[in-house]
Amino acid sequence: MSGTATHMSTINHLARTCKITNLQSPICFDRRFAFSFPHKPYSVSQLLPKTLHGPSSSSSSVNRRSRFKIPKRLSVSMEWQDCSVKMEVDVPVSVAYNFYLDRESFPKWMPFISSVEVLKDKPDLSRWSLKYNAFGQDIKYSWLARNLQARKYIPTPNQKIHWRSLEGLPNKGSVRFFPKGPSSCIVELTVSYEVPALLTPVASALRPFLERLLRGGLERFAALAKTT
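Residues numbered from 1 in each chain as written. Predicted model: local features only at pLDDT ≥ 70, side-chain atom pairs only at ≥ 80, totals over all residues. Heavy atoms only, no water.

A.B. asks: Can you break down the overall build of the chain residue by residue, with the values?
C.D. replies: Looking only at helices and strands, the chain features six helices and seven strands. Helices and strands in the chain line up, N terminus first, as α-α-α-β-α-α-β-β-β-β-β-β-α. Every one of the 228 residues in the chain was classed for burial, and the buried ones make up 30%. A fraction of 50% describes how many contacts in the chain between residues 6 or more apart in sequence connect residues 24 or more apart. On the chain, roughly 16,400 Å² of surface is accessible, and the fraction owed to carbon and sulfur atoms is 57%. (Helix = DSSP H or I, 4+ residues; strand = E, 2+ residues; numbered from the N terminus. Buried < 20%, exposed > 50% of the residue type's maximum accessible area, 1.4 Å probe, protein only. Contact = heavy atoms within 4.5 Å. Areas by Shrake-Rupley, 256 points an atom, 1.4 Å probe, with all protein chains shown as cover.)

So this is what it looks like as structure tokens:
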């Protein structure tokens, strides 16, 4: 009995002296468990299933591309308007046609044209200036136009004249002459133009306003053509 008690006290003494902090039991020296010390901790990503790791590198790159997707270029379409007026003029068609060919005389009868200069070295080209007070503001524009009566655009005399701007305010148009009798004709003037950004807010009122100006201009044209 005394031997057994001695052995038990020795075992208890070893258990007390071999404890490690934060452990509730003594170290086990059994070789079968030696491989488990020290234990390497698992990371959280190793414990999660692959589907929860987040997007793969390929999908993340796609997401990055979609996040910074470059917007498509928007096509800007400017508004064009057409104005057309027709009037009977009490002069022969040849007189009306030749009077209209005199572009530098336009300021005399067209109210919104302030000046026209025909280029001396290129008579098919002319510089136009527009100046008019309307819609509560002073409107000023200029452009270079080609009178399309040269080369393949040669019109039938006394029937048609047409033009197109090359720079400045975009516009184009034509004037047609229809004989009505030996001493009268019908003049039909058509003008197409791109609505300037300044006048976009009043674009709906611009066409009827310009039609009134064109009609008034043709009335003065008819009066002046009689004096030629």
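There is more to say after this.
A.B. asks: Lay out the pattern of salt bridges with the relevant residues and their values.
C.D. replies: Opposite charge on two side chains permits them to pair, given that their charged atoms come into close proximity. Overall, the coordinates contain four salt bridges when judged by the stated rule. Among the salt bridges present, the one from Asp90 reaches Lys226, with a minimum N-O distance of 3.9 Å. Of the two residues, Asp90 is situated in the loop between strand S1 (80-89) and helix H4 (93-101) and Lys226 in the segment after helix H6 (203-225); the sequence distance between them amounts to 136 residues. Between Glu167 and Arg127 there is a salt bridge, with its nearest N and O atoms 3.7 Å apart. Of the two residues, Glu167 sits in strand S5 (residues 160-168) while Arg127 sits in strand S3 (residues 125-134), which places them 40 residues apart along the sequence. Under the relative-accessibility criterion, Glu167 is labelled partly exposed at 44%. (Salt bridge = Lys/Arg side-chain N within 4 Å of Asp/Glu carboxyl O.)

A.B. asks: Account for unusual backbone geometry, naming residues and giving values.
C.D. replies: For residues that are not glycine, phi is negative in most cases, and the peptide bond is trans in most cases. At Phe135, a residue that is not glycine, the phi angle is positive and equals roughly 55°. One can find Phe135 in the loop between S3 and strand S4 (137-147). Non-glycine residue Asn158 carries a positive phi angle of around 70°. The topology assignment puts Asn158 in the loop between S4 and S5.

A.B. asks: Can you explain the packing of aromatic side chains? Please cite residues and give values.
C.D. replies: Evaluated as defined, the whole model comprises twelve aromatic pairs. Ring plane angle 45° and centroid distance 5.2 Å describe the contact between Phe99 and Phe221, whose orientation is recorded as tilted. With Phe99 in helix H4 and Phe221 in helix H6, this pair connects stretches of sequence that are 122 residues apart. Here the aromatic cluster, defined as three or more aromatic residues joined through ring pairs, consists of Tyr97, Phe99, Tyr100, Phe106, Trp109, Trp128, Trp143, Phe177 and Phe221. One Lys or Arg, Lys172, reaches over the ring of Trp80 and ends 5.6 Å from the middle of that ring. (Phe/Tyr/Trp six-rings, centres within 6.5 Å; stacked < 30°, edge-to-face > 60°. Lys NZ or Arg CZ within 6 Å of the ring centre and 35° of its normal.)

A.B. asks: I'd like to hear about the nonpolar core, residue by residue, with values.
C.D. replies: Side chains of nonpolar character tend, in soluble globular proteins, to be buried together. Counting residues in each nonpolar core, the largest one holds 44 residues, and the members touching the most others are Tyr100, Phe177, Val187, Leu189 and Leu214. Broken down by element, this core gets its largest block of residues, ten residues, from H6. Excluding residues within four positions of it along the chain, Leu189 makes contact with Cys83, Ser84, Val85, Tyr100, Met110, Trp163, Ser174, Val175, Leu214 and Leu218. (Core = buried A, V, L, I, M, F, W, Y, C linked by side-chain atoms within 4.5 Å.)

A.B. asks: Tell me about H4, residues and numbers included.
C.D. replies: When we look at burial in H4, the residues that qualify are Val93, Ala96, Tyr97, Phe99 and Tyr100. All buried residues of H4 lie within an arc of 165° about the axis, which places them on one face of the element. The inward-facing, buried residues of H4 abut helix H5 (106-109), S5, strand S6 (171-181), strand S7 (184-194) and H6. (Arc of directions from axis to C-beta.)

A.B. asks: Account for the pairing of S3, naming residues and giving values.
C.D. replies: As paired elements, strand S2 (residues 113-118) and S3 share five bridges and run antiparallel to each other. In the sheet register, Val118 faces S3, and the bridge partner there is Ser126. Counting the residues between successive antiparallel strands, the hairpin from S3 to S4 contains two residues, one of them, Phe135, with a positive phi of roughly 55°. (Pairing = 2+ DSSP bridges.)

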